[in-house]
Amino acid sequence: MNSSLDKMSSDYLVGQFLVAMPSMADPRFERSVIYMCAHSPEEAMGLIINKPVDDLCFADILKQLDIKPRSPTS
């Protein structure tokens, strides 16, 4: 089997962008572009990339996900 197809199917929508349809009525998602960070039958996580969020910074997201940023020289 093709390993790149196997990888894509196992990751579902990971690494993809979701664009809300104009008819999307849910105010959390209307007019949104979402980058999918994780996606499986059990869970999904995405970041809305085209709307600001008050009181949230990228460093906080990394901390919550237990991701240690690399220094620019590494």
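Structure: see above.
This write-up is about the structure you can find in this document.

1. Description of the overall build of the chain
Stage number 1. Helices and strands together make up the secondary structure of the chain, namely two helices and three strands.
Stage number 2. With 74 residues in all, the chain has 7% of them scored as buried.
Stage number 3. Restricting the contact set of the chain to residue pairs at least 6 apart, pairs at least 24 apart contribute 16%.
Stage number 4. Here the chain displays about 6600 Å² of accessible surface, and carbon together with sulfur accounts for 59% of that area.

2. Side note on the pattern of salt bridges
Stage number 1. Inspection of every chain in the model, using the stated rule, returns two salt bridges.
Stage number 2. Arg-28 is the salt-bridge partner of Asp-26, the closest N and O atoms lying 2.7 Å from each other.
Stage number 3. With a relative accessible area of 59%, Arg-28 lands in the exposed category.
Stage number 4. Among the salt bridges present, the one from Lys-68 reaches Asp-66, with a minimum N-O distance of 3.8 Å. Pair check on accessibility: Lys-68 and Asp-66 agree, each one exposed.

3. Thoughts on the sheet that holds strand β2 (residues 33-39)
Stage number 1. The strand order across the open sheet built from three strands is β1-β2-β3, with neighbouring strands paired in antiparallel fashion. Strand pairing shows two members of the sheet lacking a second neighbour, β1 (17-19) and β3 (44-48), which therefore form its edges. Neighbour-to-neighbour, the strand axes of this sheet turn through a mean angle of 35°, independent of strand direction.

Procedures and definitions
- Residues numbered from 1 in each chain as written.
- Predicted model: local features only at pLDDT ≥ 70, side-chain atom pairs only at ≥ 80, totals over all residues.
- Heavy atoms only, no water.
- Helix = DSSP H or I, 4+ residues; strand = E, 2+ residues; numbered from the N terminus.
- Buried < 20%, exposed > 50% of the residue type's maximum accessible area, 1.4 Å probe, protein only.
- Contact = heavy atoms within 4.5 Å.
- Areas by Shrake-Rupley, 256 points an atom, 1.4 Å probe, with all protein chains shown as cover.
- Salt bridge = Lys/Arg side-chain N within 4 Å of Asp/Glu carboxyl O.
- Pairing = 2+ DSSP bridges.
- Axes fitted to C-alpha atoms, helices over the stretch in contact; angles between N-to-C directions.

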